[in-house]
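Structural overview
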Amino acid sequence: MDNAARAQIRNLKAVIKNSPPQAQATATGTLLSTSAQDRAILILNAGSSSLKFEVFDLQPGHLQCFLRGQIDGIGHQAHFKAKDGAGLALHDASFSADAITSQHTALVWMLAWLRAQMVGKQLVAVGHRVVHGGTRFTQPVRVDAKVLQQLDALVPLAPLHQPHNLAPIRSLLAERPDLPQVACFDTAFHHGQPPEAQMFALPWRFHEDGVRRYGFHGLSYEYMARTAKSQVPALAAGRTVVAHLGNGVSLCALLDGKSVATTMGFTALDGCPMGTRCGSLDAGVVIHLARAYGMSIDAIESMLYRDSGLLGLSDVSSDMQELLESSAAGARRAVDYFVYQLAREVASMAAAMGGMDALVFTAGIGENSPQIRQAVCERLAWMGVQMDASANAAGATQISTASSPVAVWRIPTNEEQMIAEHTCEVLNLR
Ligand code: ADP
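Read on for a plain summary of the structure. (Residues numbered from 1 in each chain as written. Predicted model: local features only at pLDDT ≥ 70, side-chain atom pairs only at ≥ 80, totals over all residues. Heavy atoms only, no water.)

What to know about the overall build of the protein
Scanning the protein for helices and strands turns up 17 helices and 13 strands. The C-alpha radius of gyration of the protein comes to 22 Å, within 12% of the 22 Å expected for a compact globule of 430 residues. Reported as C-alpha extents along the three principal axes, the dimensions of the protein are approximately 65 × 55 × 45 Å. In the protein, which comprises 430 residues, the proportion classed as buried is 53%. Taking contacts inside the protein between residues at least 6 apart in sequence as the whole, the part at least 24 apart equals 63%. (Helix = DSSP H or I, 4+ residues; strand = E, 2+ residues; numbered from the N terminus. Rg over C-alpha atoms; globule rule 2.2 N^0.38 Å. Buried < 20%, exposed > 50% of the residue type's maximum accessible area, 1.4 Å probe, protein only. Contact = heavy atoms within 4.5 Å.)

Here you go:
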């Protein structure tokens, strides 16, 4: 354990000491009652300023989310929201500015809150979303100190995400070593892609050093491949392009349910334009920004991740819903570029499979915006995409006409469910 990690643990212990009794009990391991019948698993998705959680009831052959929520604004003005499994609001409150200053304090508060909600249930495992598994972790894995060290070594591959994903794992390993933890990777599902899909045309030694296309959003695509194949026959046998359109945006080519190409690459910057990320960019632009504008690597990184995409192009918002409601010329420009690039990238995914039998829209924009789905599908009419306008407007599951050569679907994703399933599988809990 390095000094930084030790300092983090000390910090957590201090936080626990100063927390209300409920929080202390939680963080030091007397959290939940131990009725063997009512087992639960906690799923955590930790970001730079947020900690999202879902709790699943683990019954034989049955995995049901009964609590979900998040703490946003960690380090600034934190806000805690939680709902039950049916979506009924249970808690919605802001903290004072200095109350939740780190992932650790957020975790302690969240566990304390969970304790009160989970009387009669035993927490038996925690599953985590971890952005990068590198070349080593091609499957979900149970985390111990050695695995954590190996995951720490991948921080340079995803410096903006990986440290935050690992923070609660580190805290729980120190405080609850008895509680099994499983890391599930956004990269893992793409591991089996053909070699040409994983390469950059750089000197080969860089590939061997790990500079290659990994792909992300793998838990979302895996969820589709596993659960939607009864609805979308092409996911079982055929050529499907899944469009995961959230704040982060990527596409995946699924051949018989396996990932064979995806738009994100070495980092989650590549491919389609996103809320604040640029998507594909001529590498020469980065060189030019450094040379002609004297921008540092950190300044370029910050701009490409936080100030670009829909936000940068529109100068209005990173939020698609706000752009669609705006009359500003920049909003129109950003939406048009988004649709244009998306259609180009869908065709690129289809080319990797020699065609496309089905197109699936998912995540915030894909699930909720008939306008974007319609605009993308209009641009893909030449490929045999025939949208059923009224089914699309109504938010139906199948939104193509009965005779459309390419079947088009709107299917909600559920990455947390996928993590919960992996956690059970790795720990043999069912
Ligand atoms: P994340 O990637 O952070 O999980 P989401 O999957 O929740 O994000 O997607 C967020 C995006 O979905 C935002 O751009 C938001 O505006 C968009 N979105 C949500 N509802 C709608 C809607 N009804 N119409 C258009 N866009 C929507």
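Comments concerning the sheet that holds strand 7 (residues 141–142)
Reading across the sheet, the eight strands line up as 5-4-3-2-1-6-8-7 and stay open at both edges, with mixed pairing between neighbours. With partners counted over all chains shown, the strands left at the sheet margins are strand 5 (89–94) and strand 7, one partner each. Of the strand pairs in this sheet, strand 4 (residues 79–84) and strand 5 are connected by five bridges, and their pairing is antiparallel. For K81, the partnering residue across the bridge sits in strand 5 and is D92. (Pairing = 2+ DSSP bridges.)

Observations regarding the site of the ligand
Around the ligand, a shell composed of G246, N247, G248, D319, M320, Q321, L324, A363, G364, I365, N368 and S369 is seen. Between an oxygen atom of the ligand and a main-chain N or O atom of M320, the distance comes to 3.0 Å. Between an oxygen atom of the ligand and a main-chain N or O atom of G364, the distance comes to 2.9 Å. Considered on its own, the ligand offers 580 Å² of accessible surface; in the complex 69% of this is hidden by protein. Elements with a minimum of two residues in the shell around the ligand: helix 12 (320–325) and helix 14 (363–368). Per element, the largest residue contribution to the shell around the ligand is four residues, and it comes from helix 14. (Near = heavy atom within 4 Å. Polar contact = N/O pair within 3.5 Å; in protein donor to acceptor, adjacent residues only side chain to side chain. Areas by Shrake-Rupley, 256 points an atom, 1.4 Å probe, with all protein chains shown as cover.)

Some details on the packing of aromatic side chains
Within this structure, the stated rule accounts for six aromatic pairs. Ring plane angle 40° and centroid distance 6.3 Å describe the contact between Y214 and F266, whose orientation is recorded as tilted. Of this pair, Y214 sits in the loop between helix 6 (204–208) and helix 7 (218–227) while F266 sits in the loop between strand 11 (258–262) and helix 9 (283–293); the two residues are 52 residues apart in sequence, bridging distant segments of the chain. On the basis of relative accessibility, which here comes to 8%, the residue Y214 falls in the buried class. Classification of F266 as partly exposed rests on a relative accessible area of 24%. One aromatic cluster is present, formed by F53, F80 and W113 through successive ring pairs. The positively charged end of K121 is found above the aromatic ring belonging to F66, 4.9 Å away from the centroid. (Phe/Tyr/Trp six-rings, centres within 6.5 Å; stacked < 30°, edge-to-face > 60°. Lys NZ or Arg CZ within 6 Å of the ring centre and 35° of its normal.)

Digging into the side chain of S404
Tracing the sequence through the fold places S404 in the loop between helix 16 (389–393) and strand 13 (407–410). A polar atom in the side chain of S404 sits 3.2 Å from the backbone oxygen of G384.

Quick notes on unusual backbone geometry
Backbone geometry at H217 places phi at a positive 60°, although glycine is not the residue there. Summarising the element assignment, H217 is placed in the loop between helix 6 and helix 7. Overall, H217 belongs to the buried group, its relative accessible area being 8%. Not every positive phi belongs to a glycine, and D256 is a case in point at roughly 50°. Relative to the assigned elements, D256 resides in the loop between strand 10 (249–255) and strand 11.

What to know about the sheet that holds strand 13
Reading across the sheet, the five strands line up as 11-10-9-12-13 and stay open at both edges, with mixed pairing between neighbours. Edge positions in the sheet fall to strand 11 and strand 13, since each of these pairs with one other strand and no more. Neighbour to neighbour, the strand axes of the sheet diverge by 25° on average, direction disregarded. Of the strand pairs in this sheet, strand 9 (residues 239–245) and strand 10 are connected by seven bridges, and their pairing is antiparallel. Its bridge partner lying in strand 10, V241 is registered against A253. Across the sheet, helix 15 (residues 370–379) touches strand 12 (358–362) and strand 13, and the angle it forms with strand 12 is around 155°. (Axes fitted to C-alpha atoms, helices over the stretch in contact; angles between N-to-C directions.)

Some words on helix 10 (residues 297–306)
Inspection of helix 10 places I300, L304 and Y305 among the buried residues, and these make up the whole buried set. Looking straight down helix 10, one finds its buried side chains confined to an arc of 120°; they lie on one side. (Arc of directions from axis to C-beta.)

Things to note about the pairing of strand 13
Because side chains alternate across strand 13, one face comprises the buried residues A407 and W409, and the other comprises V408 and R410, equally buried. Here four bridges tie strand 12 to strand 13, and the two strands are oriented parallel to one another. Pairing of V360 across the sheet is with W409, part of strand 13.

Some points on the pattern of salt bridges
Two side chains of opposite charge can pair, provided their charged atoms sit close to one another. Taken as a whole and assessed by the stated rule, the structure comprises twelve salt bridges. In this structure, D178 and R176 form a salt bridge, with 3.2 Å as the shortest nitrogen-oxygen distance. Take R176: its relative accessible area is 9%, and that puts it in the buried class. Among the charged side chains, a salt-bridge network with shared partners connects E222, R226, E421 and E425. (Salt bridge = Lys/Arg side-chain N within 4 Å of Asp/Glu carboxyl O.)

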